[in-house]
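Chain by chain, the residues run as shown.
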Amino acid sequence: MKGFILQVNDKSIAGAIDSGSTSINIVCREDQCQLSFSSLNKDGMLAYTWCTSDLTIGDSIIVCFDDIDNLSEAQRVLDYNNSHQINALSLETYYKLKKELEEEGLL
């Protein structure tokens with residue numbers, strides 16, 4: 001299947017999905033940069049996170065588009081059909097956002 005091999009410094013990660021989309025995103029905001037490598041199946045109900053990482057000055061990133069035979073182990077697999085998993089994720093997100101608001105002095 002078509003996908004990407006992502007090399008960040010010395011670490012190599014292969015990710016792809018049979019039917020759906022695979023993306024590599026780099027977002028920089030307020031001197032913080034984060035890398036995200038993920039896949040989502042065609043019906044949008046199964047998501048794979050191959051890698052999330054903060055980037056620092058001097059990090060090296062190489063992306064190769066290729067036929068992928070051996071996938072890396074996903075850091076996280078989220079099945080949106082599994083209500084228990086979704087409830088746990090919602091709670092995790094709530095506490096993360098609450099912490100950010102407390103750190104900003106808004107709560």
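Trainee: Report on the sheet that holds strand E3 (residues 20-29), specifying residues and quantitative values.
Mentor: Taken together, the four strands give an open sheet; going across it, the order is E3-E4-E5-E7, and neighbouring strands pair in antiparallel fashion. With partners counted over all chains shown, the strands left at the sheet margins are E3 and strand E7 (76-79), one partner each. Pairwise comparison of adjacent strand axes, ignoring direction, gives a mean angle of 20° for this sheet. Examined bridge by bridge, strand E5 (residues 46-55) and E7 share four bridges and lie antiparallel to one another. Note on E7: the bridge partner recorded for Tyr-48 is Val-77.

Trainee: Provide a residue-level description of the layout of surface pockets, including the pertinent values.
Mentor: By rolling a water-sized probe across the atoms, one finds the places where empty space is left. When its volume is computed, the largest pocket comes out at roughly 910 Å³. Lining of the largest pocket is provided by 25 residues; of these, Arg-29, Gln-34, Asp-54, Lys-96 and Glu-100 occupy positions nearest its centre. Counting only elements with at least two residues in the lining of the largest pocket, the list comes to E3, strand E4 (32-41), E5, E7 and helix H1 (83-103). Of all the elements, H1 adds the most residues to the lining of the largest pocket, at seven residues. Of the residues contributing to the lining of the largest pocket, the split by class is eight nonpolar, eight polar and nine charged.

Definitions and cut-offs
Residues numbered from 1 in each chain as written. Predicted model: local features only at pLDDT ≥ 70, side-chain atom pairs only at ≥ 80, totals over all residues. Heavy atoms only, no water. Pairing = 2+ DSSP bridges. Helix = DSSP H or I, 4+ residues; strand = E, 2+ residues; numbered from the N terminus. Axes fitted to C-alpha atoms, helices over the stretch in contact; angles between N-to-C directions. 1 Å grid on protein atoms, 1.4 Å probe; cavity = no way out; pocket = protein on both sides within 12 Å on 5 of 7 lines; lining within 4 Å. Points joined across faces, edges and corners; volume = space filled by probe spheres on them. Nonpolar A, V, L, I, M, F, W, Y, C, P; charged D, E, K, R; others polar.

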